[in-house]
Amino acid sequence: MVGSEFERALRLMRRHDPQLAEDGFQRLSEIAGAYVDQLIVEFGRETDHRLRCWLLELLGQARSPRSFEVLVAQLQGEDEDLRDWAERGLRLLDTKESRRVLWQYEQNHPPVAAPADALPAADFT
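Residues numbered from 1 in each chain as written. Predicted model: local features only at pLDDT ≥ 70, side-chain atom pairs only at ≥ 80, totals over all residues. Heavy atoms only, no water.

**Re unusual backbone geometry**
Turning to step 1, where the next piece is worked out: With a phi angle near 55 degrees, Arg-63 is a residue other than glycine that sits in the positive phi range.
Turning to step 2, where the next piece is worked out: Among the structural elements, Arg-63 can be located in the loop between helix 4 (49–62) and helix 5 (68–75).
Turning to step 3, where the next piece is worked out: In the Ramachandran plot, Asp-94 falls in the positive-phi region, its phi being about 50 degrees despite a non-glycine side chain.
Turning to step 4, where the next piece is worked out: As for its placement among the helices and strands, Asp-94 is situated in the loop between helix 6 (80–93) and helix 7 (96–108).
Turning to step 5, where the next piece is worked out: Taking relative accessible area as the criterion, Asp-94 reaches 46% and is therefore assigned partly exposed. (Helix = DSSP H or I, 4+ residues; strand = E, 2+ residues; numbered from the N terminus. Buried < 20%, exposed > 50% of the residue type's maximum accessible area, 1.4 Å probe, protein only.)

This is the structure in structure tokens:
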């Protein structure tokens, strides 16, 4: 097989066979830290939503400060799935700057309370 380990794993992730795609993801998760710049490039190119989520998850797992800008941009984006992965990635990054961004995000996006009718009734018996 021609190509780097990164390219081979990425090709597997793009396969339609779910097990092969998962195998590629698992392989990349083991080496993500060594390929942060390539992951950023591929994330920017990718149009498939599932793969974009996986690539962003890998960027978060890499815990590299080089992924900070991508994670922040996705945290501020419209896609809820990507926002969730960006938030997780920033938590894993765990730098002063990532904590500041997360704090600001939480201040501007407080958790939504469940409607009163969705709460279980109290049992006072």
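And the narrative resumes.
**So, helix 6**
Quick reminder: α-helices carry 3.6 residues per turn. Residues three or four places apart thus point the same way.
Turning to step 1, where the next piece is worked out: In this model, helix 6 (14 residues) spans 20 Å end to end at C-alpha, consistent with the 20 Å of a helix rising 1.5 Å per residue.
Turning to step 2, where the next piece is worked out: Restricting attention to buried positions, one finds in helix 6 the residues Leu-82, Ala-86, Gly-89, Leu-90 and Leu-93. Along the axis of helix 6, the buried positions cluster into a sector of 100 degrees, meaning they face one direction only.
Turning to step 3, where the next piece is worked out: For helix 6, the secondary structure elements touched by its buried residues are helix 3 (36–45), helix 4, helix 5 and helix 7.
Turning to step 4, where the next piece is worked out: Looking at the residues trailing helix 6, positive phi occurs at Asp-94, about 50 degrees. (Expected span 1.5 Å × (residues − 1). Arc of directions from axis to C-beta. Contact = heavy atoms within 4.5 Å.)

**Structural notes on the side chain of Ser-98**
Turning to step 1, where the next piece is worked out: Residue placement: Ser-98 occurs in helix 7.
Turning to step 2, where the next piece is worked out: Of note is the side chain of Ser-98, whose polar atom sits 3.4 Å from the backbone nitrogen of Asp-94.
Turning to step 3, where the next piece is worked out: In contact with Ser-98, other than residues within four places in its own chain, are Phe-68, Leu-90 and Leu-93. (Polar contact = N/O pair within 3.5 Å; in protein donor to acceptor, adjacent residues only side chain to side chain.)

**Considering the nonpolar core**
Turning to step 1, where the next piece is worked out: Membership of the largest hydrophobic core comes to 33 residues, with the highest contact counts inside it found for Met-13, Leu-28, Leu-39, Leu-56, Leu-58 and Leu-90.
Turning to step 2, where the next piece is worked out: Contributions of two or more residues to this core are made by helix 1 (5–13), helix 2 (18–31), helix 3, helix 4, helix 5, helix 6 and helix 7.
Turning to step 3, where the next piece is worked out: The element contributing the most residues to this core is helix 4, with 8 residues.
Turning to step 4, where the next piece is worked out: Every residue in contact with Met-13, bar those within four places of it in the chain, is listed here: Leu-20, Ala-21, Gly-24, Phe-25, Leu-28, Arg-50, Leu-51, Trp-54, Leu-55 and Leu-58. (Core = buried A, V, L, I, M, F, W, Y, C linked by side-chain atoms within 4.5 Å.)

The analysis is restricted to geometry; functional conclusions fall outside its scope.
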